[in-house]
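As a plain string of letters, each chain reads:
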Amino acid sequence: MTQASSLFTRLEYRLAEQLFHTRWLPRSPRTQRLTMRLFKRCADAGHPGALSLYGHVLFHRGVSPQDKAKGARYVLEAAQAGNLKAQYQAARIHENGCLQYPRREDRAVTWYARAGEAGHPLAAARLARAYRHGELGLAVDAAHAAHWQALADRHARLEGAELDIHGAQTRH
C-alpha cells in the first residue's frame, strides 16, 4: 500500500507542479487554493520536493507565525532528505533566524557547504563571500574563498549549459 500511496503522492506532486508553473492557466484564487492544497497533501506525505516548495511558500508568504514555523520545519525536513534547494533555504533560515529557529551561523555554514558541494551555485557563492569578508563566524581566508568561488562558477556554468540543452530541445 505504501508504494501505491507513494505513486499517488508523486502524481499529485506532478499535477501541483504543473498547475504552479503553467502560464496559460488563469491564476484564479480557486486554482491557487487547489495547487496549495495538493502541495500540502504531498508535503504531509513526506515528498521532498513538496516539503521544499510548500515550506518555502509558507515560510515566506505565511500569514501567521505558526505558518512560518511550519514552513521552516518543512524546509528543514526536505533539506535533511537531500533536496538541494531546501538545503540552501535551510542555510538562509539559520543565517537570518526566525521565531522557531534562532540565528545559528554554524548551522548556516554547514547547510551552505552541503548545498554548495551538491551543486547549488548561490550556496557556494555565499560561502565564498563569507570567507572573503569574514562573515558567518568564519575567519577571512582567501584560499577557501577562491575554492568556493570556483565551485560557484562551475555550478553556474553547468546550470547554464543545462538550460541551453533544454532550451534547444524545446525549440525543435
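A quick note: this is a predicted structure, and the numbers were derived from the prediction, not measured.

How each quantity is defined
- Residues numbered from 1 in each chain as written.
- Predicted model: local features only at pLDDT ≥ 70, side-chain atom pairs only at ≥ 80, totals over all residues.
- Heavy atoms only, no water.
- Helix = DSSP H or I, 4+ residues; strand = E, 2+ residues; numbered from the N terminus.
- Contact = heavy atoms within 4.5 Å.
- Areas by Shrake-Rupley, 256 points an atom, 1.4 Å probe, with all protein chains shown as cover.
- Phe/Tyr/Trp six-rings, centres within 6.5 Å; stacked < 30°, edge-to-face > 60°.
- Lys NZ or Arg CZ within 6 Å of the ring centre and 35° of its normal.
- Core = buried A, V, L, I, M, F, W, Y, C linked by side-chain atoms within 4.5 Å.
- Buried < 20%, exposed > 50% of the residue type's maximum accessible area, 1.4 Å probe, protein only.
- Expected span 1.5 Å × (residues − 1).
- Salt bridge = Lys/Arg side-chain N within 4 Å of Asp/Glu carboxyl O.

1. Side note on the overall build of the protein chain
Here comes step 1: From N to C terminus, the protein chain includes 8 helices and 0 strands.
Here comes step 2: Listing every helix and strand of the protein chain by position from the N terminus yields α-α-α-α-α-α-α-α.
Here comes step 3: Here the analysis covers contacts within the protein chain between residues at least 6 apart in sequence; of these, 44% occur between residues at least 24 apart.
Here comes step 4: Per element, the accessible surface of the protein chain, about 10,700 Å² overall, is 55% carbon and sulfur.

2. What about the packing of aromatic side chains?
For any two aromatic rings, the description comes down to two numbers: the centre-to-centre distance and the angle of the planes.
Here comes step 1: Counted according to the given criterion, the structure contains 4 aromatic pairs.
Here comes step 2: Three or more aromatic residues joined by ring pairs make a cluster, and in this case those are Tyr13, Phe20 and Phe39.
Here comes step 3: Above the face of the Trp111 ring, Arg114 is positioned so that its terminal group lies 4.5 Å from the ring centre.

3. Description of the nonpolar core
A general feature of soluble globular proteins is that nonpolar side chains tend to end up buried together.
Here comes step 1: Phe39, Tyr112, Leu127 and Trp148 are the most contacted members of the largest nonpolar core, which totals 43 residues.
Here comes step 2: Looking at this core, the elements that each hand over two or more residues are α1 (2-21), α2 (29-44), α3 (48-61), α4 (65-80), α5 (84-96), α6 (105-118), α7 (121-133) and α8 (142-171).

4. Focus on α6
Here comes step 1: The terminal C-alpha atoms of α6, which comprises 14 residues, lie 20 Å apart, in line with the 20 Å expected from a rise of 1.5 Å per residue.
Here comes step 2: By the burial criterion, the buried members of α6 are Ala108, Val109, Trp111, Tyr112, Ala113, Ala115 and Gly116.
Here comes step 3: Immediately beyond the C-terminal end of α6, within one or two residues, lies Gly119, with a positive phi of roughly 125 degrees.

5. Side note on the pattern of salt bridges
Here comes step 1: The final tally for this structure, using the stated rule, is 6 salt bridges.
Here comes step 2: Of the charged contacts in the structure, one is a salt bridge between Arg41 and Glu12, with a shortest N-O distance of 2.8 Å. One end of the pair, Arg41, is in helix α2; the other, Glu12, is in helix α1, with 29 residues separating them in the sequence.
Here comes step 3: For Arg41, a relative accessible area of 45% corresponds to the partly exposed category.
Here comes step 4: Residue classification places Glu12 among the buried positions, given a relative accessible area of 10%.
Here comes step 5: Salt-bridge contacts for Arg126 lead to Glu95; the nearest nitrogen and oxygen are separated by 2.8 Å. With Arg126 in helix α7 and Glu95 in helix α5, the pair connects residues that are 31 residues apart, well separated along the chain. The exposure classification of Arg126 matches that of Glu95, with both residues buried.

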